[in-house]
Amino acid sequence: MTRFGIHSTTQLEGLAGDAQEAALARTQRIRHRALGVAFTLVALAYAVRLGDLQILESEAHRARQVAQSAEWESLPAVRGRILDRHGRVLAAPDTRYQAFLAVNELRVDRAEAIETVAAVVPVASERRSAIAEATGGWSLVASDVSDEERVRLQRTIGQGIYFESRSAREYPRSMGRRLIGAMGSDGKGGTGLEADLDFWLVGEPGRAEVRLDGHRNAYRPPGGQVIDAVPGHDVVLTLDAELQRIAENELARALAKTGASGGDIVLLDPRTGEILALASERTDGAVDQISGLSDPYEPGSTLKPFLLASLLSEGVVDLDEIVDVEDGRLRIGSRVITDVYGYDTLSVRRVISKSSNVGAAKLSARLTPAVQHRYLRDFGFGMRTQLEYLSESPGRLSRPESWTSLSPASLAMGYEISATSLQLALAYGAIANGGVLMRPSLVREIRDPSGRMVRRFDPTPVRRVISEEVAAAVRGVLEEVVRDGTGTLASMARFAVAGKTGTARLAVNGRYAPGRHRASFVGFAPADDPRLVILTRLEDPQGEVYYGGAIAAPTSQATLKAALAADGVQVDPRLVVSDARPRPWSGAAAGTPEGAVIFASSGTGAAGTADGIDTSRGVVALPDLAGLSARAAAARLHALGLRVEWRGQGSVAGQSPAPGSELLRGETVVLR
């Protein structure tokens, strides 16, 4: 017997030839059948497995393949716009491109291609060198290409230039850039309102499904999933773009004229706390800081109305009560307090309007430190204004426990306390608003991409600080000086604006520096029913004229006049005065006392005026004489019926009173 019918070689050797061949043939057939069965079984196994892969596990493997080759491409969201209160665009989305040259694909010489690009957009020298040395690939040639420039370059160069888009920002108006801020390199808000409002502006990015081929090149497959990006919201500010432009221009003009190192102009609505304009400038290069919010300072005499409000609220003074002001000189301990002008006695109301330091110091003794501190605190000093956006300083107001015996008098004169321009403007706004302090606002509403309002920021009262009766009395004191004709400036604007000037010594390294000052003016209009608060601060003005009444008040006045004349600015018609009488300047020079001032006149271009003279009233509008020779300036003033006092050398470098002031003919102008 043979095993499995297969004969071994030994067995076959004993067989005859025919039998041996038959045995070999049978053995081969058996082997062929076995191999056929084996191959068939393997093929069936492969077929079963293939069917399993193709039918039963197809979805799982297809999902695995997609997972290995599919990715998501981010679709950036269109950033929302920043608008002013009238819908004028302050910041808007923009698309910019990076341009690349594929040096091996160019149909022109690469040097020629570089010059072609340079004729449209700037090309840095290091990029020129990199492209000249490139052996292949893409080389960056420009990184800030507009859509118009992209089209132009594409048509000019053609093959070999490629572009990658990136989200950018456009600021169609130049004003308010410190407030608005800028985008960061990561496409998010970097500074200013761009950063603080990023939550509303940024939107929600979308994404698109892409596939990767064997070379890892991405492409969008037909029918691939796309999730659209959601654009950001639009933010409507309380700012008026035109008022902001005017404030910035007038501030720049004042800084150039006075040599001041910086300053602020603030315009706000006292009824709502809405900031209409906030211009801040510093010459130290801190472009991202807004000094009106971040730089507190000693307010000087502009703080005296709050002393009066405290005294009246506590019922410890009467406006007509007479105060002995010691001929303008008072010693308290080792300190001597002085006034610019010495008076024997002044009424309480005239202590404020004449800005008597002696009178303010004596009146402050009628308040306990705790009460004096409470009123200053209630007016918002020593704490942040709750603006919510942008960084602001709380200023400084020490607790009464740390006061010295001189602190009440110092605080009454606006020292030993620091406040930001916004804090001070809001505090005056409380007086203008019948005694109610308002929370400031810079954002008016939020709108979704379709323009539908999704959030409105309504005016928010903080607290009632003083009664309506006390507020009206303080406003009356700030107006009274005008009726008496003792204002520090001649009336010349078309606005009725009551306010207070201030001049404070400037502290440097903890000590008051000789000859360095801070000039300021804060006021509101109309004087009898305020709808607007204006603050002007000029830091460290150079020259002999540095008083708030001489330089800060005229800047405020110029700002209001420009606002009235500007197109698209809604100014309450009651700010315009048609029958106000002139307020002759008192004739003082640089020593002009600080006091309450008002600007009011019948306007310009009235009948009976010619060459700066109102012949019906004998009033002269003082021209700007800066740069003229002494003889030419004197001749011009004499022609206007004015007298001249010369105190300078060479050409005119300054004059008192300020240009634009209205004087009666026969009065004296001091030239330097």
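In short, a report on the structure. (Residues numbered from 1 in each chain as written. Predicted model: local features only at pLDDT ≥ 70, side-chain atom pairs only at ≥ 80, totals over all residues. Heavy atoms only, no water.)

**What about the overall build of the protein?**
Quick note on the threshold: For the purposes of this entry, the term helix denotes a DSSP run of H or I that reaches at least four residues, the term strand denotes a run of E that reaches at least two, and both are numbered from the N terminus. Here the term buried applies to any residue with accessible area under 20% of the maximum for its type, exposed to any over 50%, and partly exposed to those in between, with areas from a 1.4 Å probe on protein chains only. Note on contacts: a residue pair is in contact if any heavy atoms of the two residues lie within 4.5 Å.
When helices and strands are counted, the protein shows 20 helices and 30 strands. The proportion of buried residues among the 672 residues of the protein is 49%. In the protein, once contacts between residues fewer than 6 apart in sequence are set aside, the share between residues at least 24 apart is 71%.

**Quick word on helix H12 (residues 304-314)**
By the criterion of burial, H12 is predominantly enclosed, with nine of the 11 residues buried. By the burial criterion, the buried members of H12 are Lys-304, Pro-305, Phe-306, Leu-307, Leu-308, Ala-309, Ser-310, Leu-311 and Leu-312.

**Topic: a nonpolar patch on the surface**
Stated formally: Two distance rules govern patches: like charges are joined within 9 Å, and nonpolar side chains (Val, Leu, Ile, Met, Phe, Trp, Tyr) within 5 Å, applied only to residues with over 30% relative accessible area and no salt bridge. We get accessible surface area from the Shrake-Rupley algorithm with a probe of 1.4 Å; when it comes to residues, only the shown protein chains can shield them. Basic side-chain nitrogens of Lys or Arg form a salt bridge, by our definition, when they fall within 4 Å of a carboxyl oxygen of Asp or Glu.
Together, Val-37, Leu-41 and Leu-44 make up a nonpolar patch on the protein surface, roughly 290 Å² of accessible area in all. Positionally, Val-37 belongs in helix H2 (residues 17-56).

**Topic: unusual backbone geometry**
Even without being a glycine, Ser-355 presents a positive backbone phi close to 55°. Note that Ser-355 resides in the loop between helix H13 (348-353) and helix H14 (357-364). Looking at Ser-355, the relative accessible area reads 8%, which means it is buried. For Glu-388, which is not a glycine, the phi torsion comes out positive at approximately 85°. Tracing the backbone shows Glu-388 in the loop between helix H15 (369-378) and helix H16 (407-412).

**Digging into the sheet that holds strand E28 (residues 655-656)**
Put simply, the rule is: We call two strands paired when DSSP finds no fewer than two bridges between them.
Spatially, three strands are ordered E27-E30-E28 in an open sheet, and the strand pairing comes out mixed. In this open sheet, the two edge strands, each paired with only one partner strand, are strand E27 (643-646) and E28. Direction of pairing for E28 relative to strand E30 (residues 668-671): antiparallel, over a ladder of two bridges. In the strand pairing of E30, Ser-656 is matched with Val-670.

**Section: the environment of Arg-107**
Threshold: Any N or O atom pair separated by 3.5 Å or less is treated as a polar contact, with the protein-specific requirement of one donor-capable and one acceptor-capable atom, and with residues adjacent in sequence counted only for side-chain atom pairs.
In this structure, Arg-107 sits in the loop between strand E3 (89-102) and helix H4 (110-118). Between the C-alpha atoms of Arg-107 and Gly-160, which are 53 residues apart in sequence, the distance is 7.3 Å. Looking at Arg-107, its side chain comes within polar contact range of the side chain of Gln-159, at 2.9 Å.

**Topic: the nonpolar core**
Operational definition: Throughout this description, the term nonpolar core refers to a set of buried Ala, Val, Leu, Ile, Met, Phe, Trp, Tyr and Cys residues connected via side-chain atoms within 4.5 Å.
Leu-237, Phe-306, Phe-379 and Phe-381 are the most contacted members of the largest nonpolar core, which totals 89 residues. With nine residues, helix H17 (residues 421-432) is the single largest residue contributor to this core. If near-sequence neighbours (up to four positions away) are discounted, Phe-381 is found in contact with Leu-303, Phe-306, Leu-376, Leu-397, Ile-417, Ala-419, Leu-424 and Ala-427. Listed in part, the 24 residues of the second largest apolar core include Ala-247, Ala-254, Leu-276 and Leu-532.

**Some remarks on the pairing of strand E22 (residues 532-539)**
The buried fraction of E22 is high, at eight of eight residues. Across seven bridges, the pairing between strand E10 (residues 262-268) and E22 is antiparallel. Paired with Gly-262 across the strands is Glu-539, a residue of E22. If you look at the hairpin formed by strand E21 (residues 511-525) and E22, you'll find six residues sitting between the two strands.

**Let's talk about the packing of aromatic side chains**
Centre-to-centre distance and the angle between the planes together describe a pair of aromatic rings. Condition: Pairing of aromatic side chains here covers Phe, Tyr and the six-membered ring of Trp, requires ring centres within 6.5 Å, and sorts the geometry by plane angle: under 30 degrees stacked, over 60 edge-to-face, intermediate tilted.
Per the stated rule, a full pass over the model turns up eight aromatic pairs. Note on Trp-138 and Tyr-162: the rings are 4.5 Å apart at their centroids and 10° apart in plane angle, and the pair reads as stacked. Here Trp-138, found in strand E4 (residues 138-145), pairs with Tyr-162, found in strand E5 (residues 161-170); they are 24 residues apart in sequence, far enough to count as distant. Since its relative accessible area comes to 27%, Tyr-162 is described here as partly exposed. When the ring of Tyr-415 is compared with that of Tyr-512, the centres are 5.8 Å apart and the planes differ by 90°; the resulting orientation is edge-to-face.

**Points about the pattern of salt bridges**
Under the criterion given, the structure shown has 30 salt bridges. Between Arg-81 and Asp-234 there is a salt bridge, and its shortest N-O distance comes to 2.9 Å. Linking Arg-81 in the loop between strand E1 (70-75) and strand E2 (82-83) with Asp-234 in strand E9 (residues 234-237), this pair joins segments that are 153 residues apart in sequence. The class of Arg-81 is partly exposed, set by a relative accessible area of 33%. Residues Arg-245 and Glu-242 are paired through a salt bridge, measuring 2.4 Å at the closest nitrogen-oxygen approach. Residue Arg-245 and its partner Glu-242 are both found in helix H10 (residues 241-258); the two are separated by three residues, about one turn of the helix. Looking at Arg-245, the relative accessible area reads 30%, which means it is partly exposed. By relative accessible area, which is 14% here, Glu-242 ends up buried. What emerges from the salt-bridge pattern is a single network uniting Arg-79, Arg-169, Glu-194 and Asp-198.

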